[in-house]
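Residue-level structural notes
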Amino acid sequence: MTNLDTSRFLVLCAAIISSVAHLVCATPCLGQSKDVDVKEPLRLNQIQVIGTHNSYHLAPPKAVLAAIRLTDKKSAEALDYSHKPIHYQLAEIGIRQLEFDIYADPDGGLFANPVAYQPNRNSQIADPNAGGILEKPGFKILHSPDFDYRTNNATLVGALRQVHQFSKRNPNHVPILVLLELKHKVVGPSFLKTIRFDETLLDQVDAEIRSVFGENEMLTPDLVRGAYATLRDAVKKQGWPTLEECRGRVWFALDNTAVERTMYLSGHENLQDRVMFVSSPIDHPTAAFVKINDPVRQFDQIVKAVKSGFIVRTRADAETRQARNNDTRRRDKALGSGAQYISTDYPEPDPRLSPYCVELPGNAEYRTNPVSGLR
């Protein structure tokens, strides 16, 4: 019997899990929600948690933002947000979904000397290559080279180690989703020639993840699929593992839906032996996790996917617009859609802008899903 099968048996014998807090918030953070009586153990797709978008991101230096603003005010505003360190997000504010943009750097040093850092070398702005960290081979985390390069975590392995450390210290945590976007395009001017991902580099992404996490510490496509022919069959007929079965685990998903996804599935058409889930249309054999970013225009699509048993990640805000206007409409649609992972740039308010934020009461890890939760 596998660890997951054993956990499933124990859960069925355990006491009924009560619903976590309903949404009550006197600030603009969240609206009201009715309590939900749980009749049987919740599955992973029957909860809702808060995540962060570009979880590593630090705003460019003020001088760089000012220069960008001269030619493109909206772009400058869109980049002007910063996240707290990963361990703070996980431990202090209950974040359970992270997102990292990664660039390939197999030889090391490709991103070690960003243009925008040169005039700031003698300032208090941290050296992005402190300790020679960017000289080492491996995947690097940043939004865009040269000008939007600042990050809380320079390397993928370094970021994953922070997640792993939290997970080991908190073995009962709700599963953490780590979304990876593979990048090679550069936003804005740059002198770098970045590296496109190929099948070899995709294999290396899996290898870097496995260098930090053991198989029994992850929720993988193979584990969810089990004896079923496809992932879609598994989540439609058997359902996702129960929350208790997969506590303490971390799972990964590929953000890309174009050529990178095709390459990732090549030779692994059912994601066999792969680490990451992929975002697929709900009629695709690999469908289990679906990325649907706009909860306003795509609200009905999200609800349909959630009701059909799939896990959805959506975004409560984008490009700082909602926070600048204290506009909660997109956030409230995201929460009401039942998307299990609600991503935001504002898990806490930015006092420069407004009280806008996206959180669960008491920084709770999760609540019962308003669409798929058991009633």
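Every value quoted in this text rests on a predicted model; they were computed, and no experiment measured them. (Residues numbered from 1 in each chain as written. Predicted model: local features only at pLDDT ≥ 70, side-chain atom pairs only at ≥ 80, totals over all residues. Heavy atoms only, no water.)

1. Things to note about the pairing of strand β2 (residues 97-103)
- Judged by how many residues are buried, β2 sits mostly within the fold: seven of seven residues are covered.
- Residues Q97, E99, D101 and Y103 line one face of β2 and the alternating positions L98, F100 and I102 line the opposite face, and both faces are buried.
- Sheet analysis places β2 next to strand β4 (residues 176-183), joined by seven bridges and oriented parallel. Bridge pairing in β4 links L98 to V178.
- As paired elements, β2 and strand β3 (residues 140-141) share two bridges and run antiparallel to each other. Each bridged residue has a counterpart across the sheet, and for Y103 the counterpart in β3 is K140. (Buried < 20%, exposed > 50% of the residue type's maximum accessible area, 1.4 Å probe, protein only. Helix = DSSP H or I, 4+ residues; strand = E, 2+ residues; numbered from the N terminus. Pairing = 2+ DSSP bridges.)

2. Quick look at the sheet that holds strand β5 (residues 250-254)
- Here we have five strands laid out as an open sheet, ordered β3-β2-β4-β5-β6, and mixed in their pairing. Every other strand in the sheet has two partners, leaving β3 and β6 (276-278) as the edge strands with one partner each.
- Along the sheet face, helix α5 (residues 156-169) touches β2, β3, β4 and β5 and points at about 175° away from the line of β4.
- Sheet contacts for helix α6 (residues 199-210): β2, β4, β5 and β6; angle to β4, the most-contacted strand, approximately 150°. (Contact = heavy atoms within 4.5 Å. Axes fitted to C-alpha atoms, helices over the stretch in contact; angles between N-to-C directions.)

3. A closer look at the nonpolar core
- By size, the foremost hydrophobic cluster in this structure holds 82 residues, and its most contacted members are F100, I209, W240, W251 and F252.
- The contact partners of F100, leaving out residues within four places of it in the chain, are S55, Y56, I86, I141, A159, V178, L179, L180 and E181. (Core = buried A, V, L, I, M, F, W, Y, C linked by side-chain atoms within 4.5 Å.)

4. Examining the side chain of T52
- Along the chain, the position of T52 falls in strand β1 (residues 47-52).
- Here Q89 takes part through its side chain, which lies 2.7 Å from a polar atom of the side chain of T52.
- If near-sequence neighbours (up to four positions away) are discounted, T52 is found in contact with H83, Q89, I95, Q97, L98, E99, S343, T344 and P347. (Polar contact = N/O pair within 3.5 Å; in protein donor to acceptor, adjacent residues only side chain to side chain.)

5. Overview of the pairing of strand β8 (residues 311-315)
- Within β8, five of the five residues are buried, which leaves the element mostly enclosed by the surrounding structure.
- Each parallel crossover has a hand, and for strand β7 (residues 289-291) linked through helix α10 (residues 299-307) to β8 it is right-handed. (Right-handed = clockwise from strand over helix to strand, strands pointing away.)

6. Side note on the packing of aromatic side chains
- If you walk through the whole model with that rule in mind, you get nine aromatic pairs.
- Between F213 and F252 the ring centres are 5.6 Å apart and the planes differ by 70°, which places this aromatic pair in the edge-to-face class. Residue F213 is located in the loop between α6 and α7 (221-225), and its partner F252 is located in strand β5; the two are separated by 39 residues in the primary sequence.
- Of the residues examined, F252 reaches a relative accessible area of 0% and is grouped as buried.
- A network of ring pairs unites the aromatic residues W240, W251, F277, F289 and Y341 as a single cluster.
- Positioned above the aromatic ring of Y264, the side-chain terminus of R274 is 4.0 Å from the ring centre.
- Of note, K333 hangs over the ring of F299, and the distance from its end group to the ring centre comes to 3.9 Å. (Phe/Tyr/Trp six-rings, centres within 6.5 Å; stacked < 30°, edge-to-face > 60°. Lys NZ or Arg CZ within 6 Å of the ring centre and 35° of its normal.)

7. Quick look at helix α2 (residues 62-71)
- Among the residues of α2, V64, L65 and I68 are the ones counted as buried. One side of α2 holds all its buried residues, which, seen down the axis, span an arc of 100°. Among the exposed residues of α2, those oriented more than 90 degrees off its buried face are K62, A63 and L70.
- Summarising the contacts, the buried residues of α2 are in contact with α3 (73-79). (Arc of directions from axis to C-beta.)

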